[in-house]
Amino acid sequence: MPPAGLPNAGASVADVAERLAAVVGASQVLTDPETRRSFEVDWTGRFGGPSCIVVRPGSTAEVSEVVKICRDMPIVTQGGNTGLVGGGVPWQSQPDQPGPVVLSTTRLDDLQPVDRVAAQVTAGAGVTLARLQSHATQARLNFPVDLAARDTATVGGMVATNAGGLHVLRYGTMRAQVVGLEAVLADGSVLTRMSGLVKDNTGYDISQLLVGSEGTLGVITAARLRLVAAHDEKVVALLGFAGTAEALAAVDVLRRNVEGLQAAEIFFEDGLDLVRSHARLAAPLPQSWPAYLVVEAAALDDPSEQMYGALSELDLPDTATAVATDPAGQARLWAYREHHTEAVSSIGIPHKLDVTLPQSRLADFEHAVRKVVADAAPGSRLVLFGHIGDGNLHVNVVGPDPEDEAVDDAVLRLVAEMDGSISAEHGVGRAKARWLGLSRSESERSAMLKVKRALDPRGTMNPGVLFDLSG
Ligand code: FAD
Ligand code: 2HG
Ligand code: ZN
């Protein structure tokens, strides 16, 4: 169990709140339990606990002051609170302990004009992905990371988790887009590297060290991000297959034949049924299939000819193929994939296991995980889907009590046995900290801890995230 809130020596929570109010304004310091409530539970409803204060600084200078004032208190940095591994919310502390400070970044929402020559933009940590995307589009460019939580997920949260999403196979994860970063470290110092120089070999890349650090090394306050050409011509196809192996073989053909391929997503028959009943959608194809792909290509010139060419090489039956070249039809096909997360949550609190496997073992894993889940959590409901183009499956299990980690343990051990990673894109958070050793060697964990202790010697930045403190 991570340490609970330890107010600064001699200071009560009320004293700290008063000092914070002098910096950020009284209305940005939430002490009333009711107004703090939504900051204290995660998107899935599985993780959370009480905070002592929620503070919402409005500038980097204010973040620095807040961190200095709270220097001996655990600080949980929170962006849009769409994270799926319990890293952005407090934890269950002892009833007599006050809980951590939640530092909400949503007011760090400055979005600077697009630098068209460099194809870069500087965005505050609290800017939402949807706002960033539309800002880039207005400059005839595109921000290449996309995910279904776009209306709420923030730039800071996406950098801190190294978010992946739907276009990784073409553009990489968030890490590949970060060309500069501004952050406040645990001692309140401000680290700024925002020039956006593409080539800059002058020592350790501390900006990249903060990518994927999940709030454990500092508070990201802004990022300088790469933009790409806007590819307005799009084609989307939804395809049916006999199973994962056949779907993987199709992705191979599509990769080789469709230049602008930017998404290859998988889901299965039972997941589709759940999505259809939750979102009240008609069947996408005239017949049911065990596995489905949604694939998308985008380019400056219409990519649909290339897509049709690849589909004819695949020689799928008409009952396994739907293609959309118009935006409304494309949105309709994407809906079957994008509604999965909320459809799963509609049937209970899920255990979410976001994992990657080597492409060559993905089909075997898909079969094995069904058996492992049935054994570890009899009677539970398993919904599998994910980014097949990246070897990334989302294993969602509904049924076991949120506190019961037997199914998490069984699935993550299977992943490690099959040479995969226990976290593909959501991070480790608190949910998977106790299994970090399945994916990182002892020497790697020891080096990571040395970095953590050097930058955060008091261990106040998101304790319990990444590193298990339960002993
Ligand atoms: P939060 O949830 O607020 O925080 C996440 C982590 O980052 C926490 O550890 C927090 O402490 C830390 N953090 C947040 N802001 C900062 C900051 N400024 N400085 C330092 N640390 C910070 N993820 C994917 O990778 N791919 C997907 O396709 C995807 N799809 C999703 C779809 C849905 C419907 C939902 C609900 C979630 C999805 N996610 C996906 C997960 C989530 O959206 C991402 O992890 C996102 O990056 C979190 O952003 P956030 O602003 O909500 O961060
Ligand atoms: C997605 O790919 C997200 O839709 C969420 O990463 C995955 O809900 C999940 O398990
Ligand atoms: Zn995902």
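Residues numbered from 1 in each chain as written. Chains lettered and ligands numbered in written order. Predicted model: local features only at pLDDT ≥ 70, side-chain atom pairs only at ≥ 80, totals over all residues. Heavy atoms only, no water.

**Description of the overall build of the protein**
The cut-off we apply is this: Strands are runs of DSSP state E lasting at least 2 residues, helices are runs of H or I lasting at least 4, and numbering of each runs from the N terminus. Each radius of gyration reported is based on C-alpha atoms, and the globular scaling rule is 2.2 Å times the count of residues to the power 0.38. For the accessible areas, the method is Shrake-Rupley and the probe is 1.4 Å, while residue cover comes only from the protein chains on display. Positive: Lys, Arg. Negative: Asp, Glu. His and the chain ends are not part of the count. Charged groups are reduced to one reference atom each: NZ for lysine, CZ for arginine, CG for aspartic acid, CD for glutamic acid.
When its secondary structure is counted, the protein shows 15 helices and 17 strands. Computed over C-alpha atoms, the radius of gyration of the protein comes to 23 Å, within 12% of the 23 Å expected from 2.2 N^0.38 for 471 residues, which places it in the range of a compact globule. Overall size of the protein, expressed as C-alpha extent along the three principal axes, is 75 × 55 × 45 Å. Surface summary for the protein: the accessible area is close to 19,400 Å², and the carbon and sulfur share equals 51%. When the 40 positive and 57 negative side-chain charges of the protein are each reduced to one mean point, those points stand 4 Å apart.

**Things to note about the nonpolar core**
Put simply, the rule is: To qualify as a nonpolar core, a set must consist of buried Ala, Val, Leu, Ile, Met, Phe, Trp, Tyr and Cys residues joined through side-chain atoms within 4.5 Å. Burial status follows relative accessibility: with a 1.4 Å probe on protein chains alone, a residue under 20% of its type maximum counts as buried, one over 50% as exposed, and anything between as partly exposed.
Grouped together as the largest cluster of nonpolar side chains are 70 residues, with contacts concentrated most on L293, V295, F365, I388 and V395. Judged by nonpolar contacts, the second largest core, of 33 residues, contains L111, V159, M174 and V211.

**Comments concerning the sheet that holds strand 12 (residues 261–268)**
Selection rule: Two strands are said to pair when DSSP picks up at least two bridges between them. Axes here refer to lines fitted to C-alpha atoms; in helices the fit is confined to the stretch in contact. Angles between the N-to-C directions go from 0 to 180 degrees. By definition, residues are in contact when any of their heavy atoms lie within 4.5 Å.
Here seven strands make up an open sheet; going across it, the order is 14-11-13-12-16-17-15 and the pairing antiparallel. This sheet does not close on itself; its edge strands, each paired only once, are strand 14 (321–324) and strand 15 (350–356). Here the average twist between neighbouring strands, direction ignored, is 15°. Sheet contacts for helix 9 (residues 269–279): strand 12, strand 13 (291–299) and strand 16 (381–387); angle to strand 12, the most-contacted strand, approximately 90°. Sheet strands touched by helix 14 (residues 406–417): strand 15 and strand 17 (392–398). Its angle to strand 15, the strand with the most contacts, is close to 5°.

**Re the environment of A431**
Here A431 shows up in the loop between helix 14 and helix 15 (442–455). The exposure class of A431 is buried, given its relative accessible area of 9%. On a C-alpha basis, the gap between A431 and A454 in space is 24 Å, while along the polypeptide they are 23 residues apart. Apart from the residues within four sequence positions on either side, A431 is in contact with F47, V85 and E405.

**Let's talk about the site of ligand 1**
Our working rule: The near set for a molecule or strand comprises every residue that places at least one heavy atom within 4 Å of it. Definition of a polar contact: a pair of N or O atoms within 3.5 Å, with one able to donate and the other able to accept a hydrogen when the atoms are protein atoms, and with sequence-neighbouring residues admitted only if both atoms are side-chain atoms.
Taken together, 36 residues surround ligand 1, and among them T77, G79, T82, G83 and T154 come closest. Within the contact set of ligand 1, an oxygen atom lies 2.7 Å away from a backbone nitrogen or oxygen of G79. A distance of 2.8 Å separates a nitrogen atom of ligand 1 from a polar backbone atom of I220. Compared with its free state, where it exposes 980 Å², ligand 1 has 96% of that area covered by protein. Sorting the residues of the shell around ligand 1 by element identifies strand 3 (75–78), helix 5 (155–161) and strand 9 (218–226) as the ones contributing at least two each. Considering each element in turn, the shell around ligand 1 owes the most residues, five residues, to helix 5.

**Some remarks on the coordination of the zinc ion (ligand 3)**
Our working definition: Donor atoms are limited to N, O and S found within 2.8 Å of the metal ion, a distance that becomes 3.2 Å for Na, K and Ca. With water left out, some sites might look partial.
Distances from the zinc ion (ligand 3) to its protein donors, H387 (NE2), H394 (NE2) and E425 (OE), fall within 1.9 to 2.1 Å. Along the chain, the residues that donate to the zinc ion (ligand 3) are spaced as H-x6-H-x30-E. With H387 in strand 16 and E425 in the loop between helix 14 and helix 15, this pair connects stretches of sequence that are 38 residues apart. There is no split in this pair, since H387 and E425 are both buried.

**Structural notes on unusual backbone geometry**
Peptide bonds are, in most cases, trans, and in most cases residues other than glycine have a negative phi. Of note, N462 is a non-glycine position whose phi angle comes to about 50°, a positive value. Counting through the fold element by element, N462 comes out in the segment after helix 15. By relative accessible area, N462 is classed as buried at 1%.

**Section: the side chain of K432**
Our working rule: Here, a salt bridge means any Lys or Arg side-chain nitrogen found within 4 Å of an Asp or Glu carboxyl oxygen.
With respect to the secondary-structure elements, K432 resides in the loop between helix 14 and helix 15. An unpaired buried charge is present at K432: no salt bridge exists, and D354, the closest side chain of opposite charge, is 4.6 Å distant. Of the polar contacts made by the side chain of K432, one reaches the backbone oxygen of D354; its length is 3.1 Å. Polar side-chain contacts of K432 include one of 2.6 Å to the backbone oxygen of I422.

**A word on the sheet that holds strand 8 (residues 190–193)**
What the four strands build is an open sheet, ordered 5-9-7-8; its pairing is antiparallel. The open sheet has two edge strands with one neighbour each: strand 5 (120–124) and strand 8. Across the sheet, the mean angle separating the axes of adjacent strands is 15° when strand polarity is ignored. In the packing of helix 3 (residues 60–69) onto the sheet, the strands contacted are strand 7 (178–185), strand 8 and strand 9, and the crossing angle to strand 7 comes to about 40°.

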